[in-house]
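Here are the chains, one letter per residue:
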Amino acid sequence: MTYQEVLENAKKRIGPNCKVCPVCNGLACGNTMPGPGSKAPGNGANDNYKAWRNIKLNVDTFVPNTPIDTSMELLGLKLAMPLITAPIGSIAMQFNPTDDVADFNEKCMAACESRGIFHAYGNGRDQRIWDRAIESGKAHGNCGIPVFNPGTNEGIMGLMDLYKDCLPQAMCVVVDSAGLPHLKTFNGKGGGTKTVEDLRELKAYAKVPFIVKGIMSARTALKAVEAGADAIIVSNHGGRVLSDTPATAEVLPEIVAAVKAANAAAGAVHQTKIFVDGGIRSGLDVFKALAMGADACLICRPVLISYYGGGQEGIEIYLDKIKAELEDTMYMCGARKIADINESMIRV
């Protein structure tokens, strides 16, 4: 299959809420919630997408004509490229009632294993998803990273206990999903917002690198650093929890500056990594994010579209597309390895 064929197949299977646009920019689906859209008035996903378009690339071909290497090490993990596929809670609620997010997680982990990256997965409100996701992780090189909704700390630690026989490579808590309409009832049972002390307790309990998702300002980034987070994910949940937030590309520079200053002050004691998602649609966007100081990126909606368009193969085709675009951008901008990418290679 080609990627265009993947998109054509997806149109037949994904249900009425997603229009499978040539580029997933959050416009045609509007504010369809539950569904792939953004919280009313529906601008969030498109704001994310447009912000990356405002960053341009500086060509520099006066460099040695040597091979491109997109591989890297992150949190002790070896990745073939600086990309993680992002979590989706419930596709049955958002797309077709008979759809199974456990099958999506299985196909995504299989694809990620074959392409040398990791898949972050969530559970929505169905705790039973974890059992199947854990088995998928075991079957695919332990390439799954669980992402826990902000229930009570006791409930999250109970989910962490499910991994006692096979610890994942990292664990993540997504803090901004406290505002998702379909999780408010669930979170009302003692969950919701988190304090630094809450996160510090979860970090200590995790026993593996601990990630906090849903950071949108330098102030909250420093709170996560204070809590001991090994990594943060700059994310506004695809515009799904609050309208009129800035785009992730807009806040990334201030967050990078704050976290790098905190890392420098901590020295060898603790170093927090920075991931970013929201509107990243190409290898060019991944390059831009790294040039701005991010360590890796996450992509969600187009991965799901690729799943509907071809299962594991569809996801692999999309991941190959991202990697090829990243390689081409690195080649033309003078970077031969990931560590070469820097701010001089972009124009904001």
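The structure reproduced in this document is the subject of the present report.

Cut-offs used in this document
- Residues numbered from 1 in each chain as written.
- Predicted model: local features only at pLDDT ≥ 70, side-chain atom pairs only at ≥ 80, totals over all residues.
- Heavy atoms only, no water.
- Helix = DSSP H or I, 4+ residues; strand = E, 2+ residues; numbered from the N terminus.
- Rg over C-alpha atoms; globule rule 2.2 N^0.38 Å.
- Buried < 20%, exposed > 50% of the residue type's maximum accessible area, 1.4 Å probe, protein only.
- Contact = heavy atoms within 4.5 Å.
- Areas by Shrake-Rupley, 256 points an atom, 1.4 Å probe, with all protein chains shown as cover.
- Lys, Arg positive; Asp, Glu negative; His and termini not counted.
- Charge placed at Lys NZ, Arg CZ, Asp CG, Glu CD.

## Looking at the overall build of the protein
Part 1: Summing up its helical and strand segments, the protein has 12 helices and 12 strands in all.
Part 2: The C-alpha atoms of the protein give a radius of gyration of 19 Å, which matches the 20 Å a tight globule of 348 residues would have.
Part 3: Buried positions account for 57% of the 348 residues belonging to the protein.
Part 4: Counted over contacts in the protein with a minimum sequence separation of 6, partners at least 24 positions apart contribute 73%.
Part 5: When the accessible surface of the protein is split by element, carbon and sulfur atoms take 54% of a total near 14,200 Å².
Part 6: Averaging the locations of the 36 positively and 37 negatively charged side chains of the protein gives two centres separated by 4 Å.

## A short note on unusual backbone geometry
Part 1: Geometrically, the link from Met33 to Pro34 is a cis peptide bond, its omega value of -5° lying close to zero.
Part 2: Summarising the element assignment, Pro34 is placed in the loop between helix 1 (3–13) and helix 2 (44–53).
Part 3: The linkage connecting Ala40 with the following residue, Pro41, adopts the cis geometry, with an omega of 10°.
Part 4: Among the secondary structure elements, Pro41 is positioned in the loop between helix 1 and helix 2.

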